[in-house]
Amino acid sequence: APAPPPARHLFSDPAEAEALRRNLLAWYDRCKRDLPWRALAATEPDADRRGYAVWVSEIMLQQTQVATVIDYYNRWMQKWPTLQALAQASLEEVNELWAGLGYYSRGKRLQEAARKVVCELAGRMPRTAEDLQKLLPGVGRYTAGAIASISYGQATGVVDGNVIRVLCRLRCIGADSSSPAVIDRLWDMANVLVDRSRPGDFNQALMELGATVCVPKSPLCGECPVKQQCQAWRRKLFGKAPPVPDVEDCGVGDCPLCPPATEPWDSSAGVTNFPRKAAKKPPRAMRTATCVLERRGCHGAPEYLIVQRPSSGLLAGLWEFPSLPLAQDLQEEKEKEELADHLQAWMGRPVAAKGLQFIGEVIHIFSHIHQTYVVYSLHLDGDVTLDPALSPSRWVTEDEFHASAVSTAMKKV
């Protein structure tokens, strides 16, 4: 078995841990951002509504910046202020409000979980991190810990991207921060550090520190309230981290939390030596032919055909212009032929490939896909009867299109 990490990587000194809690909470009280979910969590007397308000914010904040989330959050809470209201909404309504926020399965799982709370749990939110994670679909370890600590005062830690960065710098943890061994150790550390009297505030303070001060590049170390407890900062300042052993003296080859010997400390990088991550796999490239079918509506305004995507997979349940995945390196004429065959199935009549007008290409980057949409247009004369046996489809005006549950990629198209 690998040797356990030495004390230098942990908060083994109770006095040091208590100083960190005290300094971090004092800084948070002075400097925390005014965010709508924090205001609701602080003022809402009903425990279930408080838990719901935090839950919505945490789901929206996954992979999405705070500045983007605020408007979506306010509109969501205005439309569905309670779990019961959300449980009665349709998936179409949820997708429409979520449109543009990305990672659309989050909204779907949130509504599914709300229905479960209302229908199976008598409308009562689970009160502990363990039950939240076990009973609510889409709620993982981090989200469960955030809801339980902020809404219900459970003394449990949280580990998200910001917390990983802060803890790795505080303790000079240089092993791959996405590895299970490091993640497990960070959760242990978060649970040891969390303030027992103010767990929600402490967890938010730790995340706030990573979001505003201990940022990935050019961290504001001079403004950091816990720099005296930060071994990466002390090493940058003094060249080493006295009085504890230097990282090179930390059981070379045996310590599971030290950086690999092939990646020594870069003095010019300072605290940004930590954390270290495994190289990301490059996103896979995909090409999709998309056709904007246009007809003249009954009032003379142009209308466009949109169709609904399958209920599972990427962009599940959202609406889009008729689209067809393409093989790489396909010639334009062949692309048009395949798209024409695809459109024929929708329209129930032959479509001439030569009638498709090439408009251009739209590139959209998903987390794991580099997507290129090859955009064509086709103007139709007369009415078109759509086959009801196919996926749901409808004709919409431009305003109706933008009000529908369509992805940012389709808006670009």
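Here the residue numbers are simple positions, counted from 1 along each chain's written sequence. Only residues with pLDDT of at least 70 get local features here, since the model is predicted, and only at 80 or more are side-chain atom pairs given and counted; chain-wide, interface and lining totals rely on the full set of residues. No hydrogens and no water enter the side-chain calculation; it runs on all heavy atoms of the structure.

Looking up the protein chain in an unreviewed UniProt entry gives the name Adenine DNA glycosylase, with the organism given as Motacilla alba. UniProt positions are given in the numbering used here, feature names are shortened, and annotations may be inferred rather than shown by experiment. Here is the UniProt Sequence similarities (unreviewed entry) comment for the protein chain, exactly as written: "Belongs to the Nth/MutY family." Per UniProt, the comment on the protein chain under Catalytic activity (unreviewed entry) is "Hydrolyzes free adenine bases from 7,8-dihydro-8-oxoguanine:adenine mismatched double-stranded DNA, leaving an apurinic site."

1. A short note on the overall build of the protein chain
By definition, any uninterrupted DSSP run of H or I lasting at least four residues is a helix, any uninterrupted run of E lasting at least two residues is a strand, and each is numbered from the N terminus. Helices and strands together make up the secondary structure of the protein chain, namely 16 helices and 7 strands. With respect to the principal axes defined by its C-alpha atoms, the protein chain has extents near 80 × 50 × 40 Å. Of all 413 residues assigned to the protein chain, the portion counted as buried reaches 50%. In this description, contact between two residues means that some pair of their heavy atoms is separated by no more than 4.5 Å. Expressed as a percentage of contacts within the protein chain between residues at least 6 apart in sequence, the contacts between residues at least 24 apart total 67%. All accessible-area figures derive from a Shrake-Rupley calculation using a 1.4 Å probe, and residue coverage is judged against the displayed protein chains alone. Accessible surface for the protein chain amounts to roughly 19800 Å². Of this, 53% is attributable to carbon and sulfur atoms. Partly exposed residues are those whose accessible area sits between 20% and 50% of the maximum for their type, while under 20% is buried and over 50% is exposed, using a 1.4 Å probe and protein chains only.

2. As for the packing of aromatic side chains
Here a pair means two rings of Phe, Tyr or Trp (six-membered ring of Trp) with centres within 6.5 Å. Their orientation is stacked below 30 degrees between planes, edge-to-face above 60, and tilted elsewhere. Scanning all chains against the criterion turns up 5 aromatic pairs. Ring centres 4.7 Å apart and planes at 75 degrees place the aromatic pair Trp-76 and Trp-80 in the edge-to-face group. The two residues Trp-76 and Trp-80 agree in class, both being buried. When the centroid spacing of 5.7 Å and the interplanar angle of 65 degrees are considered together, the rings of Phe-358 and Tyr-376 count as edge-to-face. Here Phe-358 is found in strand S5 (residues 357-365), whereas its partner Tyr-376 is found in strand S6 (residues 369-379), with 18 residues between them in sequence.

3. Considering the nonpolar core
Take the buried Ala, Val, Leu, Ile, Met, Phe, Trp, Tyr and Cys residues and link them wherever side-chain atoms come within 4.5 Å; each set so joined is a nonpolar core. Within the largest apolar cluster, 103 residues are counted, with the highest numbers of intra-cluster contacts made by Leu-24, Tyr-52, Trp-55, Met-60, Trp-76 and Leu-209. If one sorts the elements of this core by residue count, helix H3 (residues 47-61) sits on top with 8 residues. An automatic or database domain assignment is the source of the domain bounds shown. Residue contributions to this core reach at least three from each of two domains, namely domain 1 (7-238) and domain 2 (284-403). What Trp-55 contacts, discounting residues up to four positions off in sequence, is Leu-83, Leu-110, Ala-113, Ala-114, Met-125, Leu-136, Val-139, Thr-143 and Ile-147. Within the second largest apolar cluster, 19 residues are counted, among which are Ala-340, Leu-343, Tyr-376 and Leu-378.

4. Let's talk about the packing of helix H4 (residues 66-79) against helix H6 (residues 91-98)
Packed helix pairs are specified by the crossing angle of their axes together with the interaxial distance, meaning the distance between the axes. For helices, the axis comes from a line fit to the C-alpha atoms of the stretch in contact; other axes are also lines fit to C-alpha atoms, and the angle between any two N-to-C directions lies between 0 and 180 degrees. One can describe the packing of H4 onto H6 by two numbers: an axis separation of 10 Å at closest approach and a directional angle of 150 degrees. One way to sum up the angle between H4 and H6 is to call them roughly antiparallel. Where H4 approaches H6, its residues Tyr-72, Arg-75, Trp-76 and Lys-79 are matched on the opposing element by Glu-93, Val-94, Leu-97 and Trp-98. Residue classes follow a fixed rule: Ala, Val, Leu, Ile, Met, Phe, Trp, Tyr, Cys and Pro count as nonpolar, while Asp, Glu, Lys and Arg count as charged, and any other residue, Gly among them, counts as polar. Grouping the constituent residues of the contact of H4 with H6 by class yields 5 nonpolar, no polar and 3 charged. Each angle receives one of four descriptions, namely roughly parallel if under 35 degrees, roughly antiparallel if over 145, roughly perpendicular if within 65 to 115, and oblique otherwise.

5. Focus on unusual backbone geometry
For the bond from Phe-274 to Pro-275, the omega torsion is -5 degrees, close enough to zero to count as cis. Even without a glycine there, the phi angle at Gln-63 is positive, about 65 degrees. Tracing the backbone through its elements, the reader meets Gln-63 in the loop between H3 and H4. Phi at Ala-122 is positive, roughly 55 degrees, even though this residue is not glycine. Of note, Ala-122 is situated in the loop between helix H7 (105-120) and helix H8 (129-135).

6. Here's the deal with the UniProt feature "domain: HhH-GPD" (unreviewed entry) in the protein chain
Those residues carrying the UniProt feature "domain: HhH-GPD" (unreviewed entry) are residues 60-212 in this numbering. As a span, residues 60-212 carries 67% helix and 0% strand, and end to end its C-alpha atoms are 19 Å apart.

7. Focus: the side chain of Ser-407
Within the secondary structure, Ser-407 sits in the loop between helix H15 (398-403) and helix H16 (408-412). Once you skip the residues sitting within four places of it in the chain, Ser-407 turns out to touch Tyr-104, Leu-315, Leu-318 and Trp-319.

8. Section: the domain arrangement of the protein chain
As assigned here, the protein chain comprises domain 1 (7-238) and domain 2 (284-403). Domain 1 and domain 2 are separated by 39 Å when their C-alpha centres are compared. Of the residues lining the interface, 6 residues belong to domain 1; the matching set on domain 2 comes to 10 residues. Here's the idea: put two parts together, see how much 1.4 Å probe accessible area each one loses, and the total over both is what we call buried area. At the boundary of domain 1 with domain 2, total buried surface from both sides reaches about 570 Å², with 47% on carbon and sulfur atoms. Per-residue buried area on domain 1 facing domain 2 is highest for Glu-92, Asn-95 and Tyr-104; these three make up 62% of the total on that side. The rule for a salt bridge is simple: a side-chain nitrogen of Lys or Arg has to be within 4 Å of a carboxyl oxygen of Asp or Glu. Counting across the interface, domain 1 meets domain 2 through 1 salt bridge. Whenever a nitrogen or oxygen atom comes within 3.5 Å of another N or O atom, the pair is scored as a polar contact, on the condition that within protein one atom can donate a hydrogen and the other can accept it, and that pairs from neighbouring residues in sequence are kept only if both atoms are in side chains. Counting across the domain 1 and domain 2 interface gives 1 residue pair in polar contact (both at pLDDT 80 or more). Looking at the side of domain 1 that touches domain 2 residue by residue, the classes come out as 2 nonpolar, 1 polar and 3 charged.

9. Overview of the confidence of the model for the protein chain
For the protein chain, the average pLDDT comes to 88, and 92% of its residues sit at 70 or higher. Across residues 241-245, where pLDDT falls below 50, the model places 8 contacts with residues more than four positions away in sequence or in other chains. Confidence of the predictor in every single residue is expressed as pLDDT, which spans 0 to 100.

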